[in-house]
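# Report on the structure
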Amino acid sequence: MPDPHPHVLIVEDEKSLRNMLRRFLTLNDYEVHFAADFNEALNSLFDHSHFDVILLDVNFPGGTGLDLLPFIQKHCPDTPVIMVSAEHDADLIQSTLEHGAREFIQKPFSLEVLLGRMEHHMHQAS
């Protein structure tokens, strides 16, 4: 029987944002996994066979979202990745999309909008 709770990986080094996202998404019936740095993100991707969506910060200790995107594209090609960052650089946004992210959402963002975008991309992927 399929798991009724979508699995999300949050790669975010800012603890308060990670905790806020965890609480909000858990209340919305998501199974939440998170990583604060590049190595934790890799370990999460190795340890869990499937994520329904990945929220990926651009900058975090040990690497960047752009460093992690090729690994995600190779090992989880059907998993939608939503980049999340406070950076407002058009070249960076374009680069993340060219490297496989489905969308780029700038911080600060509305939790309800983020949830809607996650659900949209998960439905497109299924």
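### What about the packing of helix α1 (residues 15-27) against helix α5 (residues 111-125)?
It is at 11 Å that the axes of α1 and α5 come closest, and there the two elements cross at 65°. In this structure, the crossing between α1 and α5 has a hand that is right-handed. Of the residues in α5, those touching α1 at Met20, Leu21, Phe24 and Leu25 are Leu111, Glu112, Leu114, Leu115 and Met118. Taken together, the residues that form the contact of α1 with α5 break down as eight nonpolar, no polar and one charged.

### A short note on helix α4 (residues 90-98)
Among the residues of α4, those classed as buried are Leu92, Ser95 and Thr96. The arc enclosing the buried residues of α4, seen along the axis, measures out at 100°, which places them on a common side. Exposed residues on α4 whose side chains face more than 90 degrees from its buried face are Ala90, Asp91 and Glu98. Those residues of α4 hidden inside the fold are in contact with α3 (65-75), β6 (81-85) and β7 (103-106).

### Thoughts on the packing of aromatic side chains
What the rule picks out here adds up to one aromatic pair. Ring plane angle 75° and centroid distance 5.2 Å describe the contact between Phe46 and Phe71, whose orientation is recorded as edge-to-face. Remark: Phe71 occurs in helix α3 and Phe46 occurs in helix α2 (residues 38-47); sequence separation between them is 25 residues. Using a relative accessible area of 57% as the deciding quantity, one classes Phe46 as exposed.

### Topic: the pattern of salt bridges
The full count for this structure, using the stated rule, is three salt bridges. Put simply, Glu12 and Lys107 hold a salt bridge, and the shortest N to O gap is 2.9 Å. Residue Glu12 is located in the loop between β1 (7-11) and α1, and its partner Lys107 is located in the loop between β7 and α5; the two are separated by 95 residues in the primary sequence. With a relative accessible area of 14%, Lys107 lands in the buried category. In this structure, the salt-bridge partner of Lys107 is Asp57, at a minimum N-O distance of 3.6 Å.

### Examining the layout of surface pockets
To find leftover empty space, one rolls a probe the size of a water molecule over the atoms. There is about 270 Å³ of room inside the largest pocket. In terms of lining, the largest pocket is formed by 13 residues, of which the most central are His50, Asp52, Met122, Ala125 and Ser126. Classifying every residue of the lining of the largest pocket by side-chain character gives five nonpolar, five polar and three charged.

Conventions we followed
Residues numbered from 1 in each chain as written. Predicted model: local features only at pLDDT ≥ 70, side-chain atom pairs only at ≥ 80, totals over all residues. Heavy atoms only, no water. Axes fitted to C-alpha atoms, helices over the stretch in contact; angles between N-to-C directions. Helix = DSSP H or I, 4+ residues; strand = E, 2+ residues; numbered from the N terminus. Left-handed = near helix turned anticlockwise from the far one by under 90°. Contact = heavy atoms within 4.5 Å. Nonpolar A, V, L, I, M, F, W, Y, C, P; charged D, E, K, R; others polar. Buried < 20%, exposed > 50% of the residue type's maximum accessible area, 1.4 Å probe, protein only. Arc of directions from axis to C-beta. Phe/Tyr/Trp six-rings, centres within 6.5 Å; stacked < 30°, edge-to-face > 60°. Salt bridge = Lys/Arg side-chain N within 4 Å of Asp/Glu carboxyl O. 1 Å grid on protein atoms, 1.4 Å probe; cavity = no way out; pocket = protein on both sides within 12 Å on 5 of 7 lines; lining within 4 Å. Points joined across faces, edges and corners; volume = space filled by probe spheres on them.

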